[in-house]
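Structure at a glance
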Amino acid sequence: MQSPILLPLLLLLLLLLAAASPRPVLSRRHASPPLATETLDVAASLSRARAAVSAEAVPLHQSAAAAVSTEVVGEEHEEGRLALRLHSRDFLPEEQGRQRHASYRSLVLARLRRDSARAAAVSARAAMAADGVSRFDLVPANVTAFEASAAEIQGPVVSGVGLGSGEYFSRVGVGSPARQLYMVLDTGSDVTWVQCQPCADCYQQSDPVFDPSLSTSYASVACDNPRCHDLDAAACRNSTGACLYEVAYGDGSYTVGDFATETLTLGDSAPVSSVAIGCGHDNEGLFVGAAGLLALGGGPLSFPSQISATTFSYCLVDRDSPSSSTLQFGDAADAEVTAPLIRSPRTSTFYYVGLSGLSVGGQILSIPPSAFAMDSTGAGGVIVDSGTAVTRLQSSAYAALRDAFVRGTQSLPRTSGVSLFDTCYDLSDRTSVEVPAVSLRFAGGGELRLPAKNYLIPVDGAGTYCLAFAPTNAAVSIIGNVQQQGTRVSFDTAKSTVGFTTNKC
């Protein structure tokens, strides 16, 4: 028989042992997972930034053909692909119209001013389409010199996409024989055009203005031609029955002139004949030194549509780099990450992508799906745009992203905001830093993890860096080119997919 005193002593001993024992399973269960991070090479990005505004900045190589690399050209000839080089606008030759900025901060502020106009114009165009505004409901935004002299353009001006932020250019051959001209590349436009002689009013461009009378392949489009009817704003020249076009952009830029067909030559590719383009005799706007625009939108008059290209891709070089990347048509290579390509029921111009969420530091943010969804009228959604620089997110989605990023960067010294950026850091005494990884998550499970330099960018040459996202009160969100840099973005309209492949420029 056990002693009545022994039992309480045994119980007390067991309690003491339990209290002293470690509980590793319980502690691991409640521990937070490690933060996923990306390394930002501060020294390298600051070096590129300072070089971009230095007197020794390397201008674009002036080759007439602007051919792509030997490897790409070889693939192009074997598989019938078209390809051409892309360059950042800030490396246009200074003697041909590039105005040098006194400091990198001045350059960044100029970029952000253009970008604000561009983003507002894209949002306005998307909202107008979702609201069911017809081109016939619109009134002319400008009475141009060309209209005043010819008095023949009667159609309304469609307020469209701002071109002030055409950040990437390519060398395109126009006419026969081909004249090499700098052209803005734009996924948010459907009408390709160039400035033409005679000029009623032309802005300054890097190359001589195209003279259609010197091209053997130039031909006017008649008013009864279906291509003329595809224009948002068109009219007839009474004396000849030729089609006239007019396009106005949301930043105040516009182009007016004759609608025609012409031969375009991309790089070393075979010439493409009978491409419908605008021959602008009255043009105004912030087009820098570009001679015109190569439209890559989804409408019937865009360049991909006219050559029946169901796939095309581009890779955008760092905007502070003088190097080049490529635009390719007919490239159907598999992408690392794919997402649904969504088309608006009201406009065919823009490429919408099925974005489902965001993650910071490896943790999925709590953002309602409605922040990225397109409704049945075409309102909302997320556009992938080559011309907008900074990604715009719904205010609630942006706040969630910013707050999570700030929580993960508490060891970094904060500084005041710059322009549209409200989350900035002083990294002047750092050579590299670890920051939370930021990923875009797509419907279907795809996830694009961004390199740190695509979302924490320098805004001066002294070491101030800012989170390169911005909030918007518009219904539509936009994935901008800062987040796309260094990634090959591909569009497959036949399969309705958008692809992303990193480090494939």
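Residues numbered from 1 in each chain as written. Predicted model: local features only at pLDDT ≥ 70, side-chain atom pairs only at ≥ 80, totals over all residues. Heavy atoms only, no water.

- Taking an unreviewed UniProt entry as the reference, the chain is identified by name as Peptidase A1 domain-containing protein belonging to Oryza rufipogon.
- Database annotation for the chain, UniProt heading Sequence similarities (unreviewed entry): "Belongs to the peptidase A1 family." (UniProt positions renumbered as here; feature names shortened; annotations may be inferred.)

1. Observations regarding the nonpolar core
- Judged by nonpolar contacts, the single largest core of 76 residues is most densely connected at Leu327 and Phe329.
- Lining this core are residues from two domains, each supplying at least three of them: domain 1 (37-48 + 104-130 + 333-504) and domain 2 (153-330).
- In this view, Phe329 contacts Arg81, Leu82, Leu84, Leu266, Leu296, Phe303, Pro304, Ile307, Ala309, Thr311 and Phe312; residues no more than four positions away in its chain are not counted.
- Trp193, Tyr245, Phe259 and Ala276 belong to the second largest nonpolar core, which has 19 residues in total. (Core = buried A, V, L, I, M, F, W, Y, C linked by side-chain atoms within 4.5 Å. Buried < 20%, exposed > 50% of the residue type's maximum accessible area, 1.4 Å probe, protein only. Domains from an automatic or database assignment. Contact = heavy atoms within 4.5 Å.)

2. Describing unusual backbone geometry
- For the bond running from Ser176 to Pro177, omega is 0°, close enough to zero to count as cis.
- By secondary structure assignment, the location of Pro177 is in the loop between strand 4 (168-174) and strand 5 (179-186).
- With an omega of -5°, the peptide bond between Gln197 and Pro198 qualifies as cis.
- Despite not being glycine, Ser419 shows a phi value in the positive range, around 55°. (Helix = DSSP H or I, 4+ residues; strand = E, 2+ residues; numbered from the N terminus.)

3. Brief notes about the pairing of strand 10 (residues 254-266)
- Buried residues dominate strand 10, accounting for 13 of its 13 residues.
- In the sheet, strand 4 pairs with strand 10 via three bridges, with the strands oriented antiparallel. Bridge pairing in strand 10 places Val174 opposite Leu264.
- Sheet topology places strand 7 (residues 219-220) next to strand 10; two bridges connect them, and they run antiparallel. Its bridge partner lying in strand 10, Ser220 is registered against Ala260.
- As judged from the five bridges shared by strand 9 (residues 242-249) and strand 10, these two strands associate in the antiparallel manner. Looking across to strand 10, one finds that Leu244 is bridged to Asp258.
- The pairing of strand 10 with strand 11 (residues 272-284) spans ten bridges and is antiparallel. (Pairing = 2+ DSSP bridges.)

4. Observations regarding helix 9 (residues 395-407)
- When the terminal C-alpha atoms of helix 9 are compared, their 18 Å separation across 13 residues agrees well with the 18 Å that a helix rising 1.5 Å per residue should span.
- Those residues of helix 9 lying buried are Ala397, Tyr398, Ala400, Leu401, Ala404 and Phe405. End-on, the buried residues of helix 9 take up no more than an arc of 160°, which puts them together on one face. (Expected span 1.5 Å × (residues − 1). Arc of directions from axis to C-beta.)

5. Some remarks on helix 5 (residues 104-130)
- For helix 5, which comprises 27 residues, the first-to-last C-alpha distance of 39 Å matches the rise-based estimate of 39 Å (1.5 Å per residue) to within 8%.
- Residue Gly132 follows helix 5 closely and has a positive phi angle near 80°.

6. So, the state of the cysteines
- This model, assessed by the stated rule, comprises five disulfides.
- The residue that forms a disulfide with Cys196 is Cys279, at a sulfur-sulfur distance of 2.0 Å. Classification of the bridge connecting Cys196 and Cys279 rests on its S-S torsion, roughly -120°, and on that basis the disulfide is left-handed. Within this pair, whereas Cys196 is found in the loop between strand 6 (193-195) and strand 7, its partner Cys279 is found in strand 11, the two being separated by 83 residues in sequence. The exposure classification of Cys196 matches that of Cys279, with both residues buried.
- A disulfide bridge connects Cys424 with Cys466, and the sulfur atoms are separated by 2.0 Å. Its torsion about the S-S bond being 100°, the disulfide of Cys424 and Cys466 is classed as right-handed. With Cys424 in strand 22 (residues 424-426) and Cys466 in strand 27 (residues 464-467), this residue pair connects regions lying 42 residues apart in the sequence.
- Looking at Cys424, the relative accessible area reads 0%, which means it is buried. (Disulfide = S-S within 2.5 Å.)

7. Focus: the side chain of Arg392
- Following the sequence through the fold, Arg392 ends up in strand 20 (residues 391-394).
- When its relative accessible area of 7% is taken as the criterion, Arg392 is described as buried.
- There is a polar contact of 2.4 Å between the side chain of Arg392 and the side chain of Asp115.
- Polar contacts involving the side chain of Arg392 include one to the main-chain carbonyl oxygen of Val390, which spans 3.0 Å. (Polar contact = N/O pair within 3.5 Å; in protein donor to acceptor, adjacent residues only side chain to side chain.)

8. Digging into the pattern of salt bridges
- Using the criterion set out here, one finds 13 salt bridges in the structure.
- With its nearest N and O atoms 2.6 Å apart, the salt bridge here joins Arg449 to Glu38. Of this pair, Arg449 sits in strand 25 (residues 447-450) while Glu38 sits in strand 1 (residues 37-41), and the two are 411 residues apart along the sequence.
- Residue Asp422 is joined to Arg402 by a salt bridge in which the shortest nitrogen-to-oxygen separation is 3.2 Å. Taken together, the positions of Asp422 in the loop between strand 21 (414-415) and strand 22 and Arg402 in helix 9 put the pair 20 residues apart, joining distant regions of the chain.
- Since its relative accessible area comes to 33%, Asp422 is described here as partly exposed.
- Members of the salt-bridge network, linked through shared partners, are Arg118, Asp186 and Asp385. (Salt bridge = Lys/Arg side-chain N within 4 Å of Asp/Glu carboxyl O.)

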